[in-house]
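Below, each chain spelled out in residue letters.
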Amino acid sequence: MVMEIVCPAGTPAALRAAVRAGAHTVYCGFNDETNARNFPGLNFDRSEMREGVDFAHAHGARVLVAINTFPRAGDQSIWHRAIDDAKLSGADAVILADAGLLDYAARTHPGLRLHLSVQAAAANADIINFYAGTFGVKRVVLPRVLSVPEIAAINAETDVETEVFVFGGLCVMAEGRCSLSSYATGLSPNMNGVCSPASHVKYHDNNGELDAKLGGFTIHRAAKDEPAPYPTLCKGCFSAGGQTGHLFEDPVSLNAEQLIPQLQKAGVRALKIEGRQRSKSYVAQVVRNFRAAVDALEAGRPLPEGMLARLSEGQAMTTGAYKKTWR
Amino acid sequence: MPQPQVPHCPAALARILRVAPLVPLSLALTAFCRHIGKRHPGLFRRLGEHSRVRFVLNPVDLPIMLCLAPNGGAPTVRALRGNCEGEARISGPFAALLGLVHGAYDGDALFFSRDLVIEGDTGAVLALRNAVDDAELDLSQEIAALSGPFSSIILQTAAFAERRTGVSMARPEEDLAW
């Protein structure tokens with residue numbers, strides 16, 4: 001069976017581009033705080049979602065709706081309505097993180113396929129089987145903290161499909177529990193759907209040196225010949241204890257393209273590309289690349305050479321935790 | 001697939017813009033922008049709370065700047081030879097700005113590589129980038145739609161200029177691999 005390519009779409013145009021470029025599945029969200037990419041000008045209103053699902057289905061692709069933030073106390077109805085509307089739009093599944101929402105979806109829409117978001121940080125077979133047994137979860141998006149052997153160990157102990165990230169931004173925190181953005185701006189990806197919200201980001205060109213500020217804190221200063229800094233606190237460059245460096249995480253991007261055969265052997269069903277905040281051009285290029293890779297694998301051909309470096313955050317790549325060389 | 005290198009804008013265009021009258025140019029650009037807004041209403045809708053922000057578009061290889069005020073869907077464009085006042089500024093080679101409109105380049109990639117510099121209201125810049133990306137604009141087609149019987153000449157001229165200069169004059173055809 002060909003591994004499924006699951007692609008991001010921040011706009012209807014990106015959804016159409018992903019489908020045309022060969023995506024088996026596209027994930028997207030509503031234009032509110034119910035999804036973890038709640039950025040200006042991004043995402044789908046209700047009618048755009050229905051049209052997007054129709055377009056994908058007409059081309060043989062599936063649509064997953066990410067409702068993967070955690071409901072605010074007293075305001076759960078916003079998240080419940082998003083689940084109801086995803087079902088109405090004809091979406092093939094919803095991606096949820098919060099146990100209360102999983103319970104609501106399982107009780108209210110028993111036919112709706114449930115995927116467990118990476119935000120739920122389910123990193124062992126026991127918790128995955130709990131979600132499957134309790135709510136009927138059919139697929140889990142694994143946190144980006146597991147090695148390939150650990151993923152194989154999980155798949156050996158569960159019938160739940162596993163989906164793993166293969167390309168895009170990385171996150172240094174325990175998945176789903178980031179406090180850095182909240183500390184600097186008062187807004188977080190988990191509650192408000194915005195990591196380092198653009199409204200709190202400022203860039204200033206200072207005679208070729210580029211300063212990046214988040215919530216008033218200077219988080220990086222890039223020299224003239226360096227790539228522009230990524231505006232998240234976790235990838236900032238700081239001076240502390242007489243040393244200057246990336247205190248939390250290097251500004252590198254995940255690229256596990258060459259690990260696809262090992263991930264397939266480990267029992268992974270689907271490969272996820274990060275980047276709903278990126279452009280239609282990015283989506284089309286990355287999707288084409290990964291679709292060519294899984295088709296080559298299925299046909300027994302060597303994987304094509306990766307050519308995605310310039311599209312990555314910080315223009316540098318890593319295989320992340322899949323190869324835990326530090327252990 | 002790597003991002004293509006951003007080509008240089010022909011020096012002749014810069015020479016023309018050094019002496020071109022800016023009032024008629026501003027009026028023409030405003031009319032053109034309103035025409036685009038009518039054909040792509042989602043463009044200004046996507047700007048949301050940023051639809052009253054004044055954007056400064058600074059093509060660094062041309063002697064003018066453009067001040068775009070969306071005005072909630074009744075946009076105006078002013079071309080200036082001095083500095084432009086605005087809440088959000090996007091600077092980069094003219095070919096990069098045109099390529100972004102046409103979806104030929106990824107905006108984040110151009111930003112990380114320092115081909116583009118943004119200053120001021122980052123949220124507004126992001127909203128504009130996303131709105132333009134979703135609108136799937138083709139400026140040659142938009143001009144052709146206004147040109148009546150001359151539309152085919154416009155499209156042929158744009159295609160010729162793109163071949164000669166490498167500057168993105170129209171939306172590239174998608175590679176329908178599947």
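Residues numbered from 1 in each chain as written. Chains lettered and ligands numbered in written order. Predicted model: local features only at pLDDT ≥ 70, side-chain atom pairs only at ≥ 80, totals over all residues. Heavy atoms only, no water.

Observations regarding the overall build of chain B
Check the secondary structure of chain B and you find 8 helices and 5 strands. Its C-alpha atoms give chain B a radius of gyration of 16 Å, near enough to 16 Å, the size a compact globule of 178 residues would have. The dimensions of chain B, computed from C-alpha atoms along their principal axes, are 40 × 35 × 30 Å. Out of the 178 residues belonging to chain B, those deemed buried represent 51%. Considering only intrachain contacts with a sequence separation of at least 6, the fraction spanning at least 24 residues in chain B is 67%. Across chain B, the centroid of the 17 positively charged side chains sits 9 Å from that of the 18 negatively charged ones. (Helix = DSSP H or I, 4+ residues; strand = E, 2+ residues; numbered from the N terminus. Rg over C-alpha atoms; globule rule 2.2 N^0.38 Å. Buried < 20%, exposed > 50% of the residue type's maximum accessible area, 1.4 Å probe, protein only. Contact = heavy atoms within 4.5 Å. Lys, Arg positive; Asp, Glu negative; His and termini not counted. Charge placed at Lys NZ, Arg CZ, Asp CG, Glu CD.)

Details of the overall build of chain A
Each helix and strand counted, chain A has 10 helices and 15 strands in total. Computed over the C-alpha atoms, the radius of gyration of chain A is 19 Å, within 12% of the 20 Å expected from 2.2 N^0.38 for a compact globule of 327 residues. In chain A, which comprises 327 residues, the proportion classed as buried is 60%. For chain A, the proportion of contacts with a sequence separation of at least 24, taken over those separated by at least 6, is 62%. Summed over all atoms, the accessible surface of chain A reaches about 12500 Å², with 51% contributed by carbon and sulfur. Within chain A, the 33 negative side-chain charges are centred at a point lying 2 Å from the centre of the 33 positive side-chain charges. (Areas by Shrake-Rupley, 256 points an atom, 1.4 Å probe, with all protein chains shown as cover.)

Considering the interface of chain A and chain B
Counting residues at the interface gives 53 residues for chain A and 41 residues for chain B. On the surface where chain A and chain B come into contact, there are 6 salt bridges. Ionic pairing is found between Arg45 of chain B and Glu48 of chain A, a salt bridge with its closest N-O pair at 3.8 Å. The interface formed by chain A and chain B includes 18 residue pairs in polar contact (both at pLDDT 80 or more). Those elements that place two or more of their residues in the side of chain A that touches chain B are helix H1 (12-20), strand E8 (201-206), strand E9 (209-214) and helix H10 (280-298) of chain A. At 9 residues, the largest contribution of residues to the side of chain A that touches chain B is made by H10 of chain A. Across the side of chain A that touches chain B, the residue classes break down as 22 nonpolar, 16 polar and 15 charged. (Salt bridge = Lys/Arg side-chain N within 4 Å of Asp/Glu carboxyl O. Polar contact = N/O pair within 3.5 Å; in protein donor to acceptor, adjacent residues only side chain to side chain. Nonpolar A, V, L, I, M, F, W, Y, C, P; charged D, E, K, R; others polar.)

Side note on the sheet that holds strand E10 (residues 217-222) of chain A
All names here are of chain A. The strand order E8-E9-E10 describes an open sheet built from 3 strands, whose pairing is antiparallel. What marks the edges here is a single partner per strand, and that holds for E8 and E10. Shown here is a sheet whose adjacent strand axes are inclined to one another by a mean of 20 degrees, direction ignored. Here E9 runs beside E10; their pairing, made up of 5 bridges, is antiparallel. Counterpart to Lys213 in the pairing with E10 is Thr218. (Pairing = 2+ DSSP bridges. Axes fitted to C-alpha atoms, helices over the stretch in contact; angles between N-to-C directions.)

So, the packing of aromatic side chains
This structure, assessed with the given rule, holds 9 aromatic pairs over all chains. Ring plane angle 65 degrees and centroid distance 6.0 Å describe the contact between Phe130 of chain A and Tyr131 of chain A, whose orientation is recorded as edge-to-face. By relative accessible area, Phe130 of chain A is classed as partly exposed at 46%. Between Phe238 of chain A and Phe248 of chain A, the aromatic rings sit 6.1 Å apart at their centres with planes inclined by 85 degrees, giving edge-to-face as the arrangement. Here Phe248 of chain A lies in the loop between strand E12 (243-245) and strand E13 (253-255) and Phe238 of chain A lies in strand E11 (residues 238-240), a separation of 10 residues in the sequence. Three or more aromatic residues joined by ring pairs form one cluster here, namely Tyr203 and Tyr230 of chain A together with Phe111 and Phe112 of chain B. (Phe/Tyr/Trp six-rings, centres within 6.5 Å; stacked < 30°, edge-to-face > 60°.)

A short note on the pattern of salt bridges
By the definition in use, this model includes 26 salt bridges over all chains. With its nearest N and O atoms 2.7 Å apart, the salt bridge here joins Arg278 of chain A to Asp106 of chain B. Residue Arg278 of chain A is found in the loop between strand E14 (270-273) and H10, and its partner Asp106 of chain B is found in the loop between helix H4 (94-101) and helix H5 (107-112); the two belong to separate chains. Note on accessibility: Arg278 of chain A and Asp106 of chain B belong to one class, buried.

Things to note about the environment of Arg16 of chain A
Structurally, Arg16 of chain A can be placed in helix H1. The class of Arg16 of chain A is partly exposed, set by a relative accessible area of 23%. On a C-alpha basis, the gap between Arg16 of chain A and Thr185 of chain A in space is 34 Å, while along the polypeptide they are 169 residues apart. In contact with Arg16 of chain A, not counting residues within four places along its chain, are Phe55 of chain A together with Asp134 and Glu136 of chain B.

Quick word on the domain arrangement of chain A
Residue and element names in this part refer to chain A. We note that the domain assignment places domain 1 (4-170 + 252-322) and domain 2 (180-245) within chain A. The C-alpha centroid of domain 2 is placed 27 Å from the C-alpha centroid of domain 1. Between domain 1 and domain 2, the residue contacts involve 19 residues of the former and 11 residues of the latter. At the boundary of domain 1 and domain 2, one finds 4 residue pairs in polar contact (both at pLDDT 80 or more). (Domains from an automatic or database assignment.)

What to know about the packing of H1 of chain A against helix H2 (residues 46-58) of chain A
All names here are of chain A. For the pair H1 and H2, the least separation of the axes is 10 Å and the interaxial angle reads 10 degrees. Of the possible angle classes, the one that applies to H1 and H2 is roughly parallel. Residues Pro12, Leu15, Arg16, Val19 and Arg20 of H1 lie in contact with H2, whose contacting residues are Glu48, Gly52, Phe55 and Ala56. Each residue belonging to the contact of H1 with H2 can be placed in one class, and the counts come to 5 nonpolar, 1 polar and 3 charged. (Parallel < 35°, antiparallel > 145°, perpendicular 65-115°, else oblique.)

Thoughts on the pairing of strand E2 (residues 65-69) of chain B
Residues and elements named next belong to chain B. Burial runs high along E2: 5 of the 5 residues are buried. Neither face of E2 is left uncovered, since the one carrying Met65, Cys67 and Ala69 and the one carrying Leu66 and Leu68 both have all their residues buried. Pairing of strand E1 (residues 55-59) with E2, which is carried by 3 bridges, proceeds in the antiparallel orientation. For Val56, the partnering residue across the bridge sits in E2 and is Cys67. Where E1 folds back onto E2 in an antiparallel hairpin, the turn is made up of 5 residues.

Focus: helix H5 (residues 125-135) of chain A
Residue and element names in this part refer to chain A. Along H5, the residues classified as buried are Ala125, Ile128, Tyr131 and Phe135. The buried residues of H5 all sit within an arc of 135 degrees when viewed along its axis, so they share a single face. Within H5, the exposed residues directed more than 90 degrees away from the buried face are Asp126 and Gly133. Just past H5, the residue Gly136 takes up positive phi, approximately 80 degrees. (Arc of directions from axis to C-beta.)

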